[in-house]
Amino acid sequence: MTNTPTTSLSFTDSRWPQLPHDNADLLGGVDPKTPEQSSTNDLLIGLREIDRGRSFLAWSTYRSVIELVGRHVDADRGVAGAPSGFVDLAKKISRVRGITQRAAELLMDESIAVLHHLPHVAEVLRDGWITPELMKVVVSRTALVHGRESAPKVDAEIAELIRRRRRLWSKKTITDMADRVVFRHDRDAVREARERCLDKRGVWTSFSTDGTGEIAGTMAADRVELCGLVIGALANTVCPHDGRSSQNRKSDAMFALLSGTQFECECGRADCPAEIPEAGSIPKVQYVIHLLANEATVADLDTVTGRPQPQPAPEPEVHSGNSSETQLDSDVPATGATTRPDDTATPDDTPTPDDTRRSARLEHDAAAEAVEEEPAGIDMPANPVVTPNDPSTGSSDLPAGAAPGYLFGKGVIAPEFVRDLASHPNARFTRLVPRGVRPEDVVLPPTLPSDPYRPSAALDEYVRLSYGTCADVACTRSSFDADLDHVTEYDHHNPAAGGQTTPIGLNPKCRFDHLHKTHSEWVDDQHRDPHTGRLIIEYTTPEGLILPGPAETMEDFFPGLRRYRFDDPPQAPPTPPGPPGPPGAYLKPDGERILDRESTLARKHHRRRLERQRNRARNQTPATQTDSPDPPF
């Protein structure tokens, strides 16, 4: 055994605070010694730059670990029965960093995955394009192809897309992007992974020392959704005076369903009005899932098998806002006959608290035939949207019917899963345009004939399809469970002034984000990139900091969505003149002055319009780097 010099860890103050901060850009222009002297915008930008620093340090960590792995893992220990190099190195790392042996082994595996299997994405991490957390997402979503022939292509394309987009990535957007890239290059790996997951389905229980425990089960996503709805439906049968929380009631309802015992309301009143099902009975639930896919993926279910058109599903007793839309035979999505909240804003652009439901069936000659679609389960209708195949999208990469679909609220799914959902007897396929008609040859109505403020069913469906989720960069709420918001505030007194109901003028926002926009000083805007045609979303803080929106929308998944055409919205007559009012005040058609509250709202809307005009003028400058759409399926 050779003698090696010994050393020890340092337990003194870190030298990081003493590093020179001459380059203020590394911290967004913030002096860490006097942060109180920095503006809000500088502090926010500093947070972004600190994240980029964390990315570089994460890459440096992977580099150090991979160097240690190369030196020690394959080394001959020379002693029979001694720990393997991998285990021994993990012990060294765990003791140096104060982490568990398992955590050290996971770090070693992660370092191998990042630097050996994803070298191009590792460079993206090093250069600060994504955070360490998003790097872990990419590692997990590409694990299917590690060691396969497709791995280098997947690595290169993901890295190129991250650099090209120049927008903000969230866990949701980068997950969807990585999934579709993996599927493009190795659909067999995706199919095999789903089969392995389904083979491992089961139920597990665990117990704690405080007398409680947990029960968990693994099954197909649509069945998980259904189980949650059934439990929630039973939990909601209690009267308003039941004192339990929603989660407490669901726990009790789950036990009652599994054990066959009676679920009870705990209000304690003799005249309790609750109508609770008898023990052993399952409350009837019905919901709609939205599925988007290429038409060829499910065309055989509609035309080849000659399946008869099913009768409309009965009205649900309990309805959840999940829905599914599928694109068929072309890249233009059709609308599903779904029910969802009437979530366009009220005249003062404030979302209403009630969550009333309405039918989204397209009442127009351009609406094509409807076919029902629903995943397996209890009264569980699904509505796939039909999208025509677009010969210009280069979908020849995959054979007909092999392209994946998108399950709203869940993510990318394999075509086999698409067909599983679409083959249910209650499934319904609908279209924005008739089969065989090119989307660009049909002009769809953007608004209701009786109200230029309200979007037509066609536009409502189209906007939800185009986003997939809430328009906020990191929100995962399905667009079919969100409000439709006029990005530029609709001027009810003079619609020509702005905020018209058009495809580019609407986007979906979850109720929280809709209320936040309405009652705050934030300004959001969206427009088409003049160089690429991509949909761009931006936010401006009250301090004037312009923040980019999500890096991708559903248009990047299904480019054929851009082929739909909508007519110009009808214009209302100009507001007749009336008596003069104070500066900034508007007048009602009868000449009466608007109340001070309305005048304040009008001034806020006017300021937002000016802010958007400045942002759009800035966006008209020539781009320094093109951002062409990535190859579609």
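Peer 1: Could you clarify how one ought to interpret the sheet that holds strand E19 (residues 546–548) in this entry?
Peer 2: Within a sheet, each strand pairs with its neighbour through backbone hydrogen bonds, oriented either parallel or antiparallel. Reading across from one edge, E17-E18-E19 is the order of the 3 strands in this open sheet, with antiparallel pairing throughout. Lying at the two open borders of the sheet, with one neighbouring strand each, are strand E17 (523–528) and E19. Direction aside, the axes of adjacent strands within the sheet are offset by 30° on average.

Peer 1: Honestly, empty space enclosed by the protein in this entry has me stumped. Any pointers?
Peer 2: Here the idea is plain: a probe the size of a water molecule rolls over the atoms and shows the empty space left. Within the structure shown, the criterion is met by 3 cavities of 30 Å³ or more. If you trace the largest cavity, you find 19 residues lining it, with Thr173, Asp176, Tyr467, Glu552 and Thr553 closest to the centre. Every element with two or more residues in the lining of the largest cavity is listed here: helix H7 (171–185) and helix H15 (554–557). With 5 residues, H7 is the single largest residue contributor to the lining of the largest cavity.

Peer 1: When you look at the nonpolar core in this model, what are you seeing that I'm missing?
Peer 2: Among soluble globular proteins, nonpolar side chains are generally buried collectively. Within the largest apolar cluster, 44 residues are counted, with the highest numbers of intra-cluster contacts made by Val121, Ile130, Met135, Ile158, Ile162, Ile174 and Met177. When residues of this core are traced back to their parent elements, those giving at least two are helix H1 (40–72), helix H2 (85–97), helix H3 (101–117), helix H4 (119–126), helix H5 (132–141), helix H6 (151–165), H7 and helix H8 (187–199). Counting residues in each nonpolar core, the second largest holds 27 residues, with Leu459, Phe557, Phe558 and Tyr564 among its members.

Peer 1: What is the right way to read a nonpolar patch on the surface from this model?
Peer 2: A cluster of nonpolar side chains, namely Trp16, Leu19, Phe56 and Leu57, defines an oily patch on the protein surface of about 420 Å² accessible area. Relative to the assigned elements, phenylalanine 56 resides in helix H1. When its relative accessible area of 42% is taken as the criterion, phenylalanine 56 is described as partly exposed.

Peer 1: What should I look at first to understand the layout of surface pockets in this one?
Peer 2: Of the volumes computed, that of the second largest pocket is approximately 1,000 Å³. Lining the second largest pocket are 36 residues, and of these Ile215, Cys227, Ile231, Met254 and Leu258 sit closest to its centre. Listed by contribution, the elements that provide at least two residues to the lining of the second largest pocket are strand E2 (213–218), helix H9 (221–235) and helix H10 (246–259). Top element by residues in the lining of the second largest pocket is H10. It accounts for 9 residues.

Calculation rules
Residues numbered from 1 in each chain as written. Predicted model: local features only at pLDDT ≥ 70, side-chain atom pairs only at ≥ 80, totals over all residues. Heavy atoms only, no water. Pairing = 2+ DSSP bridges. Helix = DSSP H or I, 4+ residues; strand = E, 2+ residues; numbered from the N terminus. Axes fitted to C-alpha atoms, helices over the stretch in contact; angles between N-to-C directions. 1 Å grid on protein atoms, 1.4 Å probe; cavity = no way out; pocket = protein on both sides within 12 Å on 5 of 7 lines; lining within 4 Å. Points joined across faces, edges and corners; volume = space filled by probe spheres on them. Core = buried A, V, L, I, M, F, W, Y, C linked by side-chain atoms within 4.5 Å. Buried < 20%, exposed > 50% of the residue type's maximum accessible area, 1.4 Å probe, protein only. Patch = residues over 30% accessible without salt bridge, like charges linked within 9 Å, V, L, I, M, F, W, Y side chains within 5 Å. Areas by Shrake-Rupley, 256 points an atom, 1.4 Å probe, with all protein chains shown as cover. Salt bridge = Lys/Arg side-chain N within 4 Å of Asp/Glu carboxyl O.

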